[in-house]
Amino acid sequence: MSDITWEEPFCGEGASCFRLGTDQDGNGYVAVAGSEETYLLDSREALRQMILDIKAGKADHLL
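The present account deals with the structure reproduced in this document. Predicted, not measured: the structure shown is a model, and the values here were computed from it.

## Quick word on the pairing of strand β2 (residues 18-22)
Across 2 bridges, strand β1 (residues 5-6) lies against β2 in antiparallel orientation. Bridged to Trp6 within β2 is Gly21. Note that β2 and strand β3 (residues 28-32) share 5 bridges and pair antiparallel. In the strand pairing of β3, Gly21 is matched with Tyr29. Counting the residues that bridge the hairpin from β2 to β3 gives 5 residues, and of these Gly26 lies at a positive phi of roughly 85°.

Calculation notes
Residues numbered from 1 in each chain as written. Predicted model: local features only at pLDDT ≥ 70, side-chain atom pairs only at ≥ 80, totals over all residues. Heavy atoms only, no water. Pairing = 2+ DSSP bridges. Helix = DSSP H or I, 4+ residues; strand = E, 2+ residues; numbered from the N terminus.

Coordinates in, geometry out; function isn't part of it.
The following block contains the structure:
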């Protein structure tokens with residue numbers, strides 16, 4: 001597996017911070033900052049989870 005290069009976290013007040021990352025193969029990743037070992041590969045499931053988290057108020061700073 002390729003190493004993932006993580007960007008700086010996107011954070012909001014009192015909300016979880018998300019990080020986006022890429023690997024050498026051009027795949028994209030989404031993770032909660034501090035839990036980068038548990039990530040979602042850029043996929044329909046990753047998009048679905050991000051939308052659910054936004055609706056739950058965990059990532060409202062991304063709107």
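From this point, the narrative continues.
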